[in-house]
Amino acid sequence: MAFSLGVVMDPIAKIKVHKDSTFAMLLEGQRRGCPIWYMEQGDLALRDGRCIAHMRSLEVRDAREQWFSLGESRTQPLDELDVVLMRKDPPFDMEYVYTTYLLEQAEARGSLIVNRPGALRNANEKLFTAWFPEVCPPTLVSRRHADLAAFIESHQDVILKPLDGMGGASIFRVRAGDLNRNVIIETLTTHGTRYTMAQRFIPEIRDGDKRIIVVDGEPVPYALARVPSAGDNRGNLAAGGSGKGVPLSDKDREIVETVGPRLREQGILFAGLDVIGDFLTEVNVTSPTCIRELDQLYGLNISATLMDCIEQKLAV
């Protein structure tokens, strides 16, 4: 089943083709005969209550060089496309929020937006874990210095991170008695004006921060464990971590069974759960990655699973 497919993403000329999940999705859409229309965030506008998009036709090739060609340019209501992939990377700032409002107007007129714009606003990748405390480590979100300091004293070994970061940026491990504790708290909270998340440190990070891909509430049976490099506590690939494939454990599946129904209910067709040891630490919904790594390791086609799901949604 071919359908018109739009994508809102960061500049395609700057992506790393061998590891870009959006690119994998586009390759699969093209394989199915879908005409693809390329947009960046600034190409969207709102005119008299209708989302208008400046778009260009796109062809993609699975190659390390010259991996895309842009063709015909047109300006039209976004809702004239059947499906739009919202794959703009964080930061999740007010411009991102405004973009979800524009996308919501196209959704109201019949386009399928993946992921649903309202869910992108509501499911902050750090705070969304609050709906599932039974599978999360002890967690605190606060702007108050005293609250965060007391949490560190209580748990002795803690991870502090901003609510709007990605790729391991500004993540700190702080132990009780750390002489840098106060300045770290001041920096992350901007002297008490920004909320910060604290989670008890999970020593199983040495085995990797597992990325579990979930499509319409159902997991891919393998995860990519992102193992920190020597001298680092962050498994993020962008922070120098290395990836290895692992089958899902019973606990991983229990976490997905806990989180999956709410993802499906919110219209989040494609998500990435971050799991360390036996604990959920984040729910990634903006532009989760790791498709290409898992496809290569296990001979999968995760994008095909997603496109099958999209086709089913369109057929309803």
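Position numbers for residues start from 1 in each chain and track the written sequence from start to end. Totals for whole chains, interfaces and linings use every residue, but because this is a predicted model, local features are given only for residues with pLDDT of at least 70 and side-chain atom pairs only at 80 or more, for both listing and counting. Excluded from the side-chain calculations are hydrogens and water; all other atoms, namely the structure's heavy atoms, are used.

1. Section: the overall build of the protein
Next, step 1: In this description a helix means any DSSP run of H or I spanning at least four residues, a strand means any run of E spanning at least two, and both kinds are numbered starting from the N terminus. Helices and strands together make up the secondary structure of the protein, namely eight helices and 17 strands.
Next, step 2: What the globule rule says is 2.2 Å times the number of residues to the power 0.38, and the radius of gyration is computed from C-alpha atoms. Taken over the C-alpha trace, the protein has a radius of gyration of 20 Å; the compact-globule value for 316 residues is 20 Å, and the two agree within 12%.
Next, step 3: Its C-alpha atoms give the protein principal-axis dimensions of roughly 60 × 45 × 40 Å.
Next, step 4: Exposure categories follow from relative accessible area, calculated using a 1.4 Å probe and restricted to protein chains: below 20% of the type maximum is buried, above 50% is exposed, and the middle band is partly exposed. When each of the 316 residues of the protein is scored for burial, the buried share is 52%.
Next, step 5: Nonlocal contacts in the protein, meaning residues at least 24 apart in sequence, comprise 67% of its contacts between residues at least 6 apart.
Next, step 6: Total accessible area on the protein stands at roughly 14100 Å², and carbon and sulfur atoms take up 48% of it.
Next, step 7: Positive charges are assigned to Lys and Arg, negative charges to Asp and Glu, while His and the chain termini are left out of the count. Where a charge lies is defined by one atom per residue type, namely NZ (Lys), CZ (Arg), CG (Asp) and CD (Glu). Counting 37 positive and 44 negative side-chain charges, the protein places the centres of these two groups 2 Å from one another. Contacts are assigned to residue pairs with any non-hydrogen atoms lying within 4.5 Å of each other. Where accessible areas are quoted, they stem from the Shrake-Rupley method and a 1.4 Å probe; at the residue level, only the protein chains shown are allowed to cover.

2. Some details on the sheet that holds strand E8 (residues 139–142)
Next, step 1: If you trace the four strands from one edge of the open sheet to the other, you get E8-E11-E9-E10, paired in antiparallel fashion. Strand pairing shows two members of the sheet lacking a second neighbour, E8 and strand E10 (172–175), which therefore form its edges. When the angles between neighbouring strand axes are averaged without regard to direction, this sheet yields 25°.
Next, step 2: Two strands make a pair as long as DSSP finds a minimum of two bridges between them. Here E8 runs beside strand E11 (residues 196–200); their pairing, made up of four bridges, is antiparallel. Axis definition: a line fitted to C-alpha atoms, limited for helices to the stretch in contact. Angles are taken between N-to-C directions and run from 0 to 180 degrees.

3. Observations concerning the packing of aromatic side chains
Next, step 1: Note on aromatic contacts: the rings of Phe and Tyr and the six-membered ring of Trp form a pair at centre separations within 6.5 Å, being stacked when their planes are under 30 degrees apart, edge-to-face when over 60 apart, and tilted otherwise. The full count for this structure, using the stated rule, is four aromatic pairs.
Next, step 2: A ring pair is formed by Phe128 and Phe132, whose centres lie 5.6 Å apart and whose planes are at 85°; its orientation type is edge-to-face.
Next, step 3: Given a relative accessible area of 3%, Phe132 falls into the buried group.
Next, step 4: Both rings, one in Tyr222 and one in Tyr298, keep their centres 3.7 Å apart while their planes meet at 10°; by these two values the pair is stacked.

4. Quick look at the nonpolar core
Taken as a class, soluble globular proteins show a tendency for nonpolar side chains to be buried jointly.
Next, step 1: In this description, a nonpolar core means a group of buried Ala, Val, Leu, Ile, Met, Phe, Trp, Tyr and Cys residues linked to one another through side-chain atoms lying within 4.5 Å. Among the nonpolar cores identified, the biggest contains 40 residues, and Met39, Leu44, Leu78, Ile212, Leu263, Leu273 and Leu280 are the most heavily contacted of them.
Next, step 2: Ignoring anything within four residues of it in the chain, the contact list for Leu44 reads Val8, Met39, Cys51, Ile52, Ala53, Leu78, Thr99, Leu102 and Leu103.
Next, step 3: In this structure, Phe3, Val60, Cys290 and Leu306 belong to the second largest nonpolar core, which totals 35 residues.

5. Remarks on the pairing of strand E3 (residues 44–47)
Next, step 1: In this sheet, strand E4 (residues 50–60) lies alongside E3 in antiparallel orientation, the contact comprising four bridges. The partner of Leu46 across the bridge, within E4, is Cys51.

6. Some points on the environment of Glu80
Next, step 1: Within the element layout of this structure, Glu80 appears in the loop between strand E5 (68–77) and strand E6 (83–87).
Next, step 2: The class of Glu80 is partly exposed, set by a relative accessible area of 47%.
Next, step 3: Remark: the alpha-carbon pair of Glu80 and Ile52, spanning 28 residues in sequence, is separated by 9.7 Å.
Next, step 4: Apart from residues lying up to four places away in sequence, Glu80 is in contact with Ser4 and Ser111.

7. Thoughts on helix H4 (residues 145–155)
Next, step 1: Turning to H4, its buried residues number three or more, namely Leu148, Ala149, Phe151 and Ile152. One side of H4 carries all its buried residues, which in axial view fall inside an arc of 155°.
Next, step 2: Structurally, H4 contributes buried residues whose contacts are with E8, strand E9 (157–162), E10, helix H5 (181–189) and E11.
Next, step 3: Immediately downstream of H4, the backbone of Gln156 shows phi near 70°, a positive value. Directions are taken from the helix axis to each C-beta atom, and the arc is the one they span.

8. Quick notes on the pattern of salt bridges
Next, step 1: We define a salt bridge as a contact between a side-chain nitrogen of Lys or Arg and a carboxyl oxygen of Asp or Glu at a distance within 4 Å. Per the counting criterion, the structure on display carries 24 salt bridges.
Next, step 2: Across the salt bridge formed by Arg121 and Glu104, the nearest N and O atoms sit 3.1 Å from each other. Pair noted here: Arg121 is in helix H3 (residues 117–122) and Glu104 is in helix H2 (residues 94–108), with a separation of 17 residues, a long-range link.
Next, step 3: Looking at Glu104, the relative accessible area reads 22%, which means it is partly exposed.
Next, step 4: As a salt-bridge pair, Lys210 and Asp252 come within 2.9 Å of each other at their nearest N and O atoms. On the criterion of sequence distance, the pair formed by Lys210 in strand E12 (residues 209–215) and Asp252 in helix H6 (residues 250–266) is long-range, its members being 42 residues apart.
Next, step 5: Given the relative accessible area of 13%, Lys210 is considered buried.
Next, step 6: When its relative accessible area of 0% is taken as the criterion, Asp252 is described as buried.
Next, step 7: Bridged by salt links that share partners, the residues Glu28, Arg31, Arg32, Asp308 and Glu311 form one connected network.

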